[in-house]
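# Fold and contact review
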Amino acid sequence: MADHQEASVTLPSDPASVPTARRYVADVLTGWGLDEAAEIADSIRLIVSELATNAVLHTLGQSPTFTVDVRLEREERLHVGVTDSHPRRPRRLPAAVQQDNGRGMVIIRVLAAEAGGRLSVTPTEDGGKTVWITLPWTVASRGRLLGPV
């Protein structure tokens with residue numbers, strides 16, 4: 001496998017694009033050796049769903065598309081990012097706030113942390129942002145990602 005692999009897809013900022021983004025990332029990771037039935041594969045699919053949903057719902061119509069980037073560095077670190085052109089950074093809602101949505105970032109942070117990873121947000125040159133998760137990439141026989149980030 002190469003030292004650095006990348007894949008990306010740009011999709012319309014529409015709710016119908018969320019499952020497409022999730023399937024795209026799953027297919028890429030399967031091609032890179034991750035067992036689709038592994039527990040971490042489920043976590044990554046959920047993370048991608050939450051990130052893509054945020055890119056669609058919380059950009060207030062200011063981002064006609066979003067891009068999903070998947071990068072694997074030296075078979076050590078996996079980076080999955082979702083980029084949109086809206087400048088507002090994701091916000092964590094207080095636990096006391098009672099509403100039906102707004103928990104996506106909490107879910108993403110917990111799933112990333114459970115896998116030994118982290119979440120970060122970087123600005124883009126056009127004034128938008130990319131929300132990244134970084135996870136260790138050591139595919140063990142039982143299908144988990146292990147090791148330091």
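### Overview of the confidence of the model for the protein
Mean pLDDT for the protein: 85, with 83% of residues reaching 70 or above. Long-range and interchain partners of residues 140-149, a stretch whose pLDDT sits below 50, account for 28 contacts in this model, where long-range means more than four residues apart.

### Brief notes about helix 3 (residues 104-114)
Of the positions making up helix 3, those classed as buried are Gly104, Met105, Ile108, Leu111 and Ala112. Burial along helix 3 is one-sided: seen end-on, the buried residues are contained in an arc of 135°. Turned more than 90 degrees away from the buried face of helix 3 sit Ala113 and Glu114, all of them exposed. In this structure, the buried residues of helix 3 make contact with helix 2 (39-57), strand 4 (118-123) and strand 5 (129-136). Downstream of helix 3 by one or two residues, Gly116 has phi in the positive range, about 85°.

### Examining the packing of helix 2 against helix 3
Packing of helix 2 against helix 3 brings their axes to within 9 Å, and their N-to-C directions diverge by 150°. In this view, helix 2 runs roughly antiparallel relative to helix 3, as classed from their interaxial angle. The two elements helix 2 and helix 3 meet at a crossing, and its hand is left-handed. From helix 2, Ser43, Leu46, Ile47, Glu50, Leu51 and Asn54 reach across to helix 3, where they touch Gly104, Met105, Ile107, Ile108, Leu111 and Ala112. A per-class count over the contact of helix 2 with helix 3 returns 8 nonpolar, 3 polar and 1 charged.

### Describing the sheet that holds strand 1 (residues 4-12)
If you walk across this open sheet you meet the 5 strands as 1-2-3-5-4, and the pairing is antiparallel. The outermost strands of the open sheet, each flanked by one partner alone, are strand 1 and strand 4. Adjacent strand axes in the sheet meet at a mean angle of 15° when their direction is disregarded. In the sheet, strand 1 pairs with strand 2 (residues 65-73) via 9 bridges, with the strands oriented antiparallel. Residue Ala7 lies in a different strand from strand 2, and its bridge partner there is Val70. Each of strand 2, strand 3 (77-84) and strand 5 touches helix 2; the most contacted strand, strand 3, lies at about 20° to it.

### Structural notes on the pairing of strand 5
Two faces, one strand: in a regular strand the side chains alternate between the faces of the sheet. Across the 8 residues of strand 5, 8 count as buried, placing the element largely inside the fold. Where burial is concerned, the two faces of strand 5 agree: the one with Lys129, Val131, Ile133 and Leu135 and the one with Thr130, Trp132, Thr134 and Pro136 are both buried. With 8 bridges joining them, strand 3 and strand 5 adopt antiparallel strand pairing. Residue pairing for strand 5: Thr83 is matched across the bridge by Thr130.

### Some remarks on the environment of Val106
In this structure, Val106 sits in helix 3. Put simply, Val106 and Glu50 are 56 residues apart on the chain and 10.0 Å apart in space, counted from C-alpha to C-alpha.

### Quick look at the side chain of Ser63
Note that Ser63 resides in the loop between helix 2 and strand 2. Here the side chain of Ser63 touches Thr65 through a polar contact of 2.6 Å, landing on its backbone oxygen. Sequence-distant contacts of Ser63, that is, excluding residues within four places in its chain, are made with Ser13, Asp84, Ser85 and His86.

So, how was this worked out
- Residues numbered from 1 in each chain as written.
- Predicted model: local features only at pLDDT ≥ 70, side-chain atom pairs only at ≥ 80, totals over all residues.
- Heavy atoms only, no water.
- pLDDT = per-residue confidence, 0-100.
- Contact = heavy atoms within 4.5 Å.
- Buried < 20%, exposed > 50% of the residue type's maximum accessible area, 1.4 Å probe, protein only.
- Helix = DSSP H or I, 4+ residues; strand = E, 2+ residues; numbered from the N terminus.
- Arc of directions from axis to C-beta.
- Axes fitted to C-alpha atoms, helices over the stretch in contact; angles between N-to-C directions.
- Parallel < 35°, antiparallel > 145°, perpendicular 65-115°, else oblique.
- Left-handed = near helix turned anticlockwise from the far one by under 90°.
- Nonpolar A, V, L, I, M, F, W, Y, C, P; charged D, E, K, R; others polar.
- Pairing = 2+ DSSP bridges.
- Polar contact = N/O pair within 3.5 Å; in protein donor to acceptor, adjacent residues only side chain to side chain.

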